[in-house]
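# Understanding the architecture of this molecule
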Amino acid sequence: ISTCFAKKKKTLSLADHFIHGCEGAENSEKRFKLCQDLWDQIKTDTEVLQDELNRNILDSLLDFTRKCSSTRQHSDWASQMRASEIPTAALVLGVNVPDHDMTFQSLSDLLQQSVTPYVASVQAKECGGKGLRGSVLERLMGTVVTVDDEEEEEAEQTSAQHHKSVHCSLSTLCDWYNTKTKKSNTGTPGKKRSSPVRDGPQQPPVVIIFKDLEAFNPRVLQDFILICSRYIERLPLMFIFGIATSPSTIQHLLPHSVSSLLCIELFQSLSCTQHLATVIDKLILTKQFPFKLNGKVMQVLISIFLYHDFSVRKFIKGIQLALLEHFHSQPLSVLCCKKKEALLNVMQLDHLDLERIRHLLSFKRYVEKQEPREQVDLLTDDTHLKEVCQKLIKDLHKYHKNYYPILRCLHTLTSSLPRYPLGKQIRELHLICLEKNVWESEDYQSAMKLLKMLAKDELIALLQRCAEILQPAKSKKIKSALVQLEDMLTKFKQLDTAEPPPTVEDSITSPLKHLQKKTDLAQLQKTLLEMNESRRAKKLSPFEVLRNEALEFIDSLVNHLSPPESQVLNEVCYYTSSATVRRHLNATPRTSIQAALNSPFYYLQNDRLKTEDGTVSNAAPDICIVYKLHLECGRLITFTTGWNLFSSARFIRAVSELEFLGFIKSTKQKTDHVARLTWGGC
């Protein structure tokens, strides 16, 4: 027995979890490696992106803290007046609350590295037991505190406290701070400190970060500020308010008598929609990232973002979930990698993998377009199929090389048009292109008509921006398009030196010269028809000719924006199960509860609970059986039959659990009946 207990339980690695139940286990290890590499790339890119997006606002906050610290050391009258107030940074972060933790963590780390080691971050939900003061002191002093209201009114003395605890008072914090700063200033002779704070002010500020200002109890917050204001001369306090809604929140929470004790400066972070646009640009609209999302999956992720939480962090988690599901469920995802590696992996495919390729919908369409002899070779000759697949993989990568620069060009041309026929954000245009041929849509035709109405300077500016977008591209088609575009821009600029065409006014008024002063309606109608015909037959000006040429050029480029479903082997790169993503990221409580009660095997995975005819097994939990009985009844439900299935105690408990979940409620109409409830009813 002792040897059995001595054996260590085997822990499964990430690879073991991935391989277990993986579709196509023969190449699962290679797919796991590819998936892990892409996962790490997403993580690294998002961290770098987060740092770049937060850099400006964080640098501004750091400058604010340094400025406030230096102000306290000046002796002039204005500085002394400012020093009597608590410096407060009102940081408006937006309603994407799940993303705030990352921002505050970066801010706290930067403050401790370059300004002050005394930083405390608090949330409203963490300040229940010992209150706001207790939570702040514990985080600053790193010790257990006990409640002491000496700043307000005398409280009853508590029992003996733990020997390591300290009183929860600002005077205690002042004494602790003085001790710490004296030690820091004197130091040890001959011993250099490596801390980056050593070049900071003699009295580094004590920074308190309120992560979710709106969630704090107004009375508690007001009392805390009033108490802190009494110690501002002894303790260099500074507040940072994290605000999710608007700066007016401060006015709603704090009366003038309290807010006047604060010296508030406003800081506005990048909006969550701008943040999302940057993430989409870096992770999705790029050929550097081989894994792709189809239109329906993209729409699910964007809808969850816009209509639920505005969380960019959750959007990224959705991409990672789709990535994991794709590599776990699609054996051919072994080809979802860089082009060189994908070409090598094609040659290593076995017969089973090649049969999977032959069953792909996109490949079937491709085979149907080939000559009969070629069709036979593709369906029977594995060696020939590998060679063709290498060509198709190259074409797929070439498609992505052309797609993204042209998509950005079309967005640049149409994003500023009236009413935004193709969307204001590039993600909207991308979704259109993922679903259908964009050049066949009415919105595209409307956009082309509006482009014809642009002035020469506006059109030249847009085409110039398109040339800048195409400049870094390495595709042969894009390089050729860039040469044509630059040639057109040169012609546009040369129009200024050309002879101006006849004015429109002359061409319109010339037929009117032949009209008499008094004319009848028929004569006027005839003249107007002649004018209309003359307009149609009128020779186009050099600008109009060149403008039409530019629009035809745009049309030729847009033809490269065909949906990914039109590309052969698109299934190896594109994840398409929007239902899976929605189920994992946007699960509804009622659906999950009903699934568990209807089929407990779905979650418990116990073979004894398996049923085939939709019934509930006798081995199911009591609440599942009672739920089944409740489904078979009307609005008023009697459970008299249930007494024969369980003991009374078990039956009553199951009914109580069902009532707790909100499916039923007791009723006064009949003593042995309960009433059915709709979800969320009372």
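Everything below is about the structure shown above.
So, a few notes on the structure that sits alongside this text. (Residues numbered from 1 in each chain as written. Predicted model: local features only at pLDDT ≥ 70, side-chain atom pairs only at ≥ 80, totals over all residues. Heavy atoms only, no water.)

### Digging into empty space enclosed by the protein
- Summed over the entire model, instances satisfying the criterion amount to 6 cavities of 30 Å³ or more.
- In terms of lining residues, the largest cavity is bounded by 13 residues, among which Asn-54, Asn-96, Thr-103, Leu-270 and His-275 are the most central.
- Residue assignment for the lining of the largest cavity shows that the elements contributing at least two residues are helix H3 (28-71), helix H5 (100-114) and helix H11 (272-283).
- In terms of residue count, the dominant contributor to the lining of the largest cavity is H3 (3 residues).
- Broken down by class, the residue content of the lining of the largest cavity amounts to 4 nonpolar, 8 polar and 1 charged.
- Put simply, the second largest cavity is a space of about 90 Å³. (1 Å grid on protein atoms, 1.4 Å probe; cavity = no way out; pocket = protein on both sides within 12 Å on 5 of 7 lines; lining within 4 Å. Points joined across faces, edges and corners; volume = space filled by probe spheres on them. Helix = DSSP H or I, 4+ residues; strand = E, 2+ residues; numbered from the N terminus. Nonpolar A, V, L, I, M, F, W, Y, C, P; charged D, E, K, R; others polar.)

### A few points about the packing of aromatic side chains
- For the structure shown, the criterion picks out 16 aromatic pairs.
- Ring centres of Phe-18 and Phe-32 lie 5.5 Å apart, and the angle between their planes is 55 degrees; on these two criteria the pair is classed as tilted. Here Phe-18 is found in helix H2 (residues 14-19), whereas its partner Phe-32 is found in helix H3, with 14 residues between them in sequence.
- A residue is classified by how much of its surface remains accessible, and Phe-18, at 5% relative accessible area, is buried.
- Taking relative accessible area as the criterion, Phe-32 reaches 17% and is therefore assigned buried.
- One aromatic cluster in this structure is built from Phe-210, Phe-216, Phe-224, Phe-239 and Phe-241. (Phe/Tyr/Trp six-rings, centres within 6.5 Å; stacked < 30°, edge-to-face > 60°. Buried < 20%, exposed > 50% of the residue type's maximum accessible area, 1.4 Å probe, protein only.)

### Some words on the pairing of strand E5 (residues 206-210)
- Most of E5 is tucked away, with 5 of its 5 residues classed as buried.
- Where burial is concerned, the two faces of E5 agree: the one with Val-206, Ile-208 and Phe-210 and the one with Val-207 and Ile-209 are both buried.
- Where strand E2 (residues 119-122) and E5 come together, 4 bridges link them in parallel fashion. Across the sheet, residue Val-122 finds its bridge partner in E5, namely Phe-210.
- Pairing of E5 with strand E6 (residues 237-243), which is carried by 5 bridges, proceeds in the parallel orientation. Pairing of Ile-209 across the sheet is with Ile-240, part of E6.
- With helix H8 (residues 218-229) bridging E5 and the parallel E6, this β-α-β connection has right-handed handedness. (Pairing = 2+ DSSP bridges. Right-handed = clockwise from strand over helix to strand, strands pointing away.)

### Topic: the side chain of Thr-88
- Mapped onto the fold, Thr-88 is located in strand E1 (residues 86-92).
- Classification of Thr-88 by relative accessible area gives buried; the value is 0%.

### Points about the pattern of salt bridges
- In total, this model carries 16 salt bridges according to the counting rule given.
- When the shortest N-O distance is used, the salt bridge between Lys-33 and Asp-37 registers 2.9 Å. Of the two residues, Lys-33 and Asp-37 are both situated in helix H3; the distance of 4 residues between them amounts to about one turn of the helix.
- We classify Asp-37 as partly exposed; its relative accessible area is 36%.
- Notably, a salt bridge pairs Arg-219 with Asp-223, separated by 3.6 Å at the nearest N-O pair. In this pair, Arg-219 and Asp-223 are both assigned in helix H8, 4 residues apart and thus about one turn of the helix distant.
- According to the relative accessible area criterion, Asp-223 is buried, its value standing at 19%.
- Bridged by salt links that share partners, the residues Glu-355, Arg-358 and Asp-382 form one connected network. (Salt bridge = Lys/Arg side-chain N within 4 Å of Asp/Glu carboxyl O.)

### Quick notes on the layout of surface pockets
- In this structure, the largest pocket encloses a volume near 410 Å³.
- The wall of the largest pocket is formed by 17 residues, among which Thr-46, Glu-47, Met-102, Arg-313 and Ile-316 lie closest to the centre.
- Those elements giving two or more residues to the lining of the largest pocket turn out to be H3, H5, H11 and helix H13 (312-329).
- Residues that form the lining of the largest pocket fall into these classes: 6 nonpolar, 5 polar and 6 charged.

### Brief notes about the nonpolar core
- Counting residues in each nonpolar core, the largest one holds 112 residues, and the members touching the most others are Leu-293 and Phe-363.
- Per-element tally for this core: the top contributor is helix H18 (residues 382-414), with 14 residues.
- Grouped together as the second largest cluster of nonpolar side chains are 39 residues, Ile-208, Leu-213, Cys-228 and Phe-239 included. (Core = buried A, V, L, I, M, F, W, Y, C linked by side-chain atoms within 4.5 Å.)

### What about a positive patch on the surface?
- A cluster of basic residues, Lys-287, Lys-338, Lys-339, Lys-340, Lys-394, Lys-398, Lys-401, Lys-474, Lys-476, Lys-477 and Lys-479, forms a positive patch on the protein surface.
- Among the elements of the structure, helix H14 (339-347), H18 and helix H22 (476-494) are those that each provide at least two residues to the positive patch.
- Its location among the elements puts Lys-474 in the loop between helix H21 (456-470) and H22.
- Residue Lys-474 is classed as exposed on the basis of its relative accessible area, which comes to 70%. (Patch = residues over 30% accessible without salt bridge, like charges linked within 9 Å, V, L, I, M, F, W, Y side chains within 5 Å. Areas by Shrake-Rupley, 256 points an atom, 1.4 Å probe, with all protein chains shown as cover. Lys, Arg positive; Asp, Glu negative; His and termini not counted. Charge placed at Lys NZ, Arg CZ, Asp CG, Glu CD.)

Don't take any of this as a statement about function, it's just geometry.
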